[in-house]
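Take a look at the letters that make up each chain.
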Amino acid sequence: MTGPSPLSSPAPLDLAALRPRLPSPVVELADERFARRGVRLLLKRDDLIHPRLPGNKWRKLEPNLRAAAASGRSTLLTFGGAYSNHLRATAAAGRLLGFATIGVVRGDELADRPLNWSLARCAADGMRLRFVDRATYRRKTEPEVLAALGADGCHVVPEGGSNAAAVHGCAVLGRELADVLGPGDVAAVACGTGGTLAGLAAGLGEGTRALGFPVLKGGFLGTEVERLQTAAFGGRRGDWSLDDRFHGGGYARTTPELDAFADDFAARHGLPPERLYVAKALYGLTTLAEEGAFAPGTTIAAVITGGPDPEPEPEPDPEAEPGQG
Ligand SMILES: *Cc1c(COP(=O)(O)O)cnc(C)c1O
């Protein structure tokens, strides 16, 4: 396999030219299921940060793009599943900022099929797609596998975009929320790889806790969030916990209750929640509120990490691993 073709000069990096909407807006939502309990619900609209790099994808990519530019690397290489939000965001960032991009996609069977809408968008943004079989994909962090994928000289971003730099980027989200949340308040977020929660928790003010809702099943995420916080900060930071009850069966899976909740939320608020992540977090939060889990006077900020997909949702993938998102 051939390596990336280096550009003649380091990519110019002008993130401000992309006009990100930062700090992202905070809006209060009137929802009787919270109001009845004396709880205020805020939405932190990270989905509005940038149309092509929404939500936590901007927050996680930004420091990685800076690091790549600082090290003179002009090609980004990263990983994802067939419908990965992270792959799409990386491809868009590459096109907008002048990086070449390589996307390593889980599933070599995809190579022989027409590209789905998500991969087609990656390709349209100039991403070179490399389809690898699932066994190889599982070994993707091993040096020989990386070398065979042409990663030498590339800035390699892990699956889902979560590394120490990304966690620092997500800490900014926590610091933005420190303006609207105080002691006893809660920031809630859906979790794939856990990078967003790791940063969010670290950035919140003293006494504010972060609550993560894993969308994958398996119960491995606590270890992963700790690992990411240790990589970024040298140890565990902030007050965070996970509630594992709302994954709905796993990545891209759902239940009739979850679907009904999301449909009702869209009708109530005129805001269709993104289904793979955001709807699960909102469903979890609403259930907890109804269970009386939040003391009267609590303010909750739900991080809206992305907007609804423009296309049909992916089929459930039995081998789903963290970071498809
Ligand atoms: C990627 C993604 C997540 C998961 O973020 P992690 O940092 O991997 O936990 C959550 N919501 C949306 C909309 C995403 O695209």
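Predicted model, so just to flag it, every value in this text is computed and none were measured. (Residues numbered from 1 in each chain as written. Predicted model: local features only at pLDDT ≥ 70, side-chain atom pairs only at ≥ 80, totals over all residues. Heavy atoms only, no water.)

Here we take up the packing of helix α7 (residues 164-177) against helix α9 (residues 221-233). It is the contact of α7 with α9, at a shortest axis distance of 8 Å, that shows an interaxial angle of 90°. Compared by their axis directions, α7 and α9 come out roughly perpendicular. Only Leu228, Ala231, Ala232 and Phe233 of α9 make contact with α7, whose side of the interface consists of Ala164, Val167, His168 and Ala171. Here the residues of the contact of α7 with α9 are counted per class, giving seven nonpolar, one polar and no charged. (Axes fitted to C-alpha atoms, helices over the stretch in contact; angles between N-to-C directions. Helix = DSSP H or I, 4+ residues; strand = E, 2+ residues; numbered from the N terminus. Parallel < 35°, antiparallel > 145°, perpendicular 65-115°, else oblique. Contact = heavy atoms within 4.5 Å. Nonpolar A, V, L, I, M, F, W, Y, C, P; charged D, E, K, R; others polar.)

Let's shift gears to the domain arrangement of the protein chain. In terms of domain boundaries, the protein chain breaks down into domain 1 (20-51 + 163-303) and domain 2 (74-153). Domain 1 and domain 2 are separated by 28 Å when their C-alpha centres are compared. (Domains from an automatic or database assignment.)

The residues that UniProt annotates with the feature "modified residue: N6-(pyridoxal phosphate)lysine" (unreviewed entry) are Lys57. Residue placement: lysine 57 occurs in helix α2 (residues 55-70). Judged by relative accessible area, which is 9%, lysine 57 ranks as buried. (UniProt positions renumbered as here; feature names shortened; annotations may be inferred. Buried < 20%, exposed > 50% of the residue type's maximum accessible area, 1.4 Å probe, protein only.)

Quick look at unusual backbone geometry now. Note the cis peptide between leucine 22 and proline 23, where omega equals -10°. Checked against the element boundaries, proline 23 lands in the segment before β1 (26-29). Phi at arginine 19 is positive, roughly 50°, even though this residue is not glycine. Counting through the fold element by element, arginine 19 comes out in the segment before β1. Phi angles above zero are rare outside glycine, and alanine 252 is one such case at about 65°. Assignment of secondary structure puts alanine 252 in the loop between β9 (239-242) and α10 (256-269).

Tallied over the entire structure, the rule returns seven aromatic pairs. Ring geometry for tyrosine 83 and tryptophan 117: centres 6.5 Å apart, planes at 50°, overall tilted. Highlighted residues: tyrosine 83 in the loop between β3 (75-80) and α3 (85-97) and tryptophan 117 in helix α4 (residues 117-124), separated in sequence by 34 residues. For tyrosine 83, a relative accessible area of 25% corresponds to the partly exposed category. (Phe/Tyr/Trp six-rings, centres within 6.5 Å; stacked < 30°, edge-to-face > 60°.)

Further remarks concern the sheet that holds strand β10 (residues 299-303). Strand order in the open sheet formed by six strands is β1-β2-β10-β7-β8-β9, and the pairing between neighbours is mixed. Both outer strands of the open sheet, β1 and β9, are each paired with one neighbouring strand and no more. In this sheet, neighbouring strand axes are inclined to one another by 25° on average, regardless of whether the strands run parallel or antiparallel. The pairing of strand β2 (residues 40-44) with β10 spans five bridges and is parallel. For arginine 40, the partnering residue across the bridge sits in β10 and is threonine 299. (Pairing = 2+ DSSP bridges.)

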